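Here is what each chain is made of, one letter per residue.
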Amino acid sequence: MTPSFAYPNSVSIVEVGPRDGLQNESAPLSTQDKIELVEGLANTGLRYIETGSFVNPRWIPQMADSGEVFQGVSRLPNVTYAALTPNMKGFERAMESGAGEVAVFAAASESFSQRNINCSISESIDRFRPVMEAAAAAGIAVRGYVSCVLGCPYEGEIEPKAVLQVSRALLDMGCYEVSLGDTIGTGTPGSMDRLLNVLAPALSPDKLALHCHNSYGQALANILVGLQHGIRRIDSSVAGLGGCPYATGASGNVATEDVVYMLHGLGIETGVDLDALIAVGAACCEKLERSTHSAVAQARAA
């Protein structure tokens, strides 16, 4: 039986390991090690790398040297080196450091918004308006994140209409894309399908990306559902690094190696050299004194 959807010919990977991955690792990497990680990832064929974030270092001390990382990286001309910026001060620091793109972040859960950035969802959107205006004036693209799209550690299941409301607000204020974050990894193909049945027709799949954590082992299955809905941008983290500092027990992002392996198996182009990517992940994990969370990397090593 022929399916009613067609998988895309190519998918863009948004590599979030140097930011979302490292920010929740207990063993800090040196600035030079972070620079080498970013450069290694770029050399695998990845074309979008979240290189750091300009948040208050008291909140996320692992990102305190993001400026030095941005300034130290030898950049390839066809790679976007992006930064997470929660406010105007963060945006200004990102511009001083030479970030090529920035991202802002909101939540679909009021409780998570209060715990994460100490304000309501509507207040968080208002905080971003000066950033959006400054970015537009500087010709800098802005990506949006929405956390807890399928579940919240404080509120449980999140209704798709709440995700739609926040996502639409970010797009309306100028974000070119919204990345939908299953922050605690509780989503399933069923809940992802229900969410995208609401969001994809209303916002268009080319305005959406997926950011799946693998706490319950559902990330690849959820990404597959996203592909079936026409999504062509996937966030992932080399070696499955990371988690969420404001969601206790949330394991790391889905491993980039595993996403690339699955996409290649579907005949979908990524432009990424899987063997080179596995090597970069292994080198990073050795420095962190931890094992990789990538099933593909573990299987290749065995």
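Calculation rules
Residues numbered from 1 in each chain as written. Predicted model: local features only at pLDDT ≥ 70, side-chain atom pairs only at ≥ 80, totals over all residues. Heavy atoms only, no water. Helix = DSSP H or I, 4+ residues; strand = E, 2+ residues; numbered from the N terminus. Rg over C-alpha atoms; globule rule 2.2 N^0.38 Å. Buried < 20%, exposed > 50% of the residue type's maximum accessible area, 1.4 Å probe, protein only. Contact = heavy atoms within 4.5 Å. Lys, Arg positive; Asp, Glu negative; His and termini not counted. Charge placed at Lys NZ, Arg CZ, Asp CG, Glu CD. Salt bridge = Lys/Arg side-chain N within 4 Å of Asp/Glu carboxyl O. Expected span 1.5 Å × (residues − 1). Phe/Tyr/Trp six-rings, centres within 6.5 Å; stacked < 30°, edge-to-face > 60°. Lys NZ or Arg CZ within 6 Å of the ring centre and 35° of its normal. Pairing = 2+ DSSP bridges. Right-handed = clockwise from strand over helix to strand, strands pointing away. Disulfide = S-S within 2.5 Å. Core = buried A, V, L, I, M, F, W, Y, C linked by side-chain atoms within 4.5 Å.

(A) Seen up close, the overall build of the chain. Looking only at helices and strands, the chain has twelve helices and eight strands in total. Taking 302 residues into account, the globule formula puts the C-alpha radius of gyration at 19 Å, and the chain, at 18 Å, falls close to it. If you line up the chain on its principal axes, its C-alpha atoms span 55 × 40 × 35 Å. Buried positions account for 56% of the 302 residues belonging to the chain. In the chain, the share of contacts with a sequence separation of at least 24, taken over all contacts with a separation of at least 6, comes to 74%. Once the 20 positive and 32 negative side-chain charges of the chain are each reduced to a mean point, those two points are 4 Å apart.

(B) View of the pattern of salt bridges. Applying the stated criterion across every chain, the model contains eleven salt bridges. Between Arg290 and Glu25 there is a salt bridge, and its shortest N-O distance comes to 2.6 Å. Remark: Glu25 occurs in the loop between helix H1 (17–21) and helix H2 (31–42) and Arg290 occurs in the loop between helix H11 (274–288) and helix H12 (295–301); sequence separation between them is 265 residues. Just as Arg290 is buried, Glu25 falls in that class too. Ionic pairing is found between Asp235 and Arg143, a salt bridge with its closest N-O pair at 2.7 Å. Linking Asp235 in strand E8 (residues 233–236) with Arg143 in strand E5 (residues 142–147), this pair joins segments that are 92 residues apart in sequence. We note that Asp235, like Arg143, is buried.

(C) View of unusual backbone geometry. Even without being a glycine, Cys148 presents a positive backbone phi close to 60°. As for its placement among the helices and strands, Cys148 is situated in the loop between E5 and helix H7 (160–172).

(D) Structural context of H7. The end-to-end C-alpha distance of H7, which contains 13 residues, comes to 18 Å, matching closely the 18 Å that a straight helix rising 1.5 Å per residue would cover. All buried positions along H7 are accounted for by Pro160, Val163, Leu164, Val166, Ser167, Leu170 and Leu171. Residues of H7 that are buried sit in contact with strand E4 (101–107), helix H6 (121–138), E5, strand E6 (177–182) and helix H8 (189–203). Gly174, located one to two residues past H7, shows a positive phi value of around 125°.

(E) Structural context of the environment of Cys175. Along the chain, Cys175 falls in the loop between H7 and E6. For the pair Cys175 and Ala108, spaced 67 residues apart in sequence, the C-alpha to C-alpha distance is 16 Å. Contacts of Cys175, omitting those with residues within four sequence positions, involve Val104, Met132, Val142, Arg143, Gly144 and Leu170.

(F) The arrangement of the environment of Gln71 in detail. Residue placement: Gln71 occurs in helix H3 (residues 66–72). Its relative accessible area of 56% is what places Gln71 among the exposed residues. It is 16 Å that separates the C-alpha atoms of Gln71 and Gly40, two residues lying 31 residues apart in sequence.

(G) Highlighting the packing of aromatic side chains. Tallied over the full model, the rule gives two aromatic pairs. Positioned over the ring face of Tyr145 is Arg19, at 5.7 Å from the centre of the ring.

(H) How the structure looks around the pairing of E8. Alternating residues of E8 divide into Arg233 and Asp235 and Ile234 and Ser236, and every residue in both groups is buried. Bridge analysis of strand E1 (residues 12–15) against E8 gives four bridges, and the strand direction is parallel. Across the sheet, Ile13 pairs through a bridge with Ile234, a residue of E8. As judged from the two bridges shared by strand E7 (residues 208–212) and E8, these two strands associate in the parallel manner. Paired with Leu210 across the strands is Ile234, a residue of E8. As a crossover connection, the stretch from E7 through helix H9 (residues 219–228) into E8 is right-handed.

(I) Fine view of the pairing of strand E2 (residues 48–53). Across the six residues that make up E2, a large majority, six, are buried. When E2 meets strand E3 (residues 80–84), the two strands line up parallel, connected through five bridges. Counted as the bridge partner of Tyr48 is Thr80 from E3.

(J) Up close: the state of the cysteines. What the rule picks out here adds up to zero disulfides. There is no disulfide at Cys175, and the cysteine sulfur nearest it, in Cys119, is 15 Å away.

(K) Structural view of the nonpolar core. Ranked by internal contacts, the top residues of the largest apolar core, which has 86 residues, are Leu170 and Leu180. In this structure, Val16, Tyr48, Phe105 and Ile117 belong to the second largest nonpolar core, which totals ten residues.

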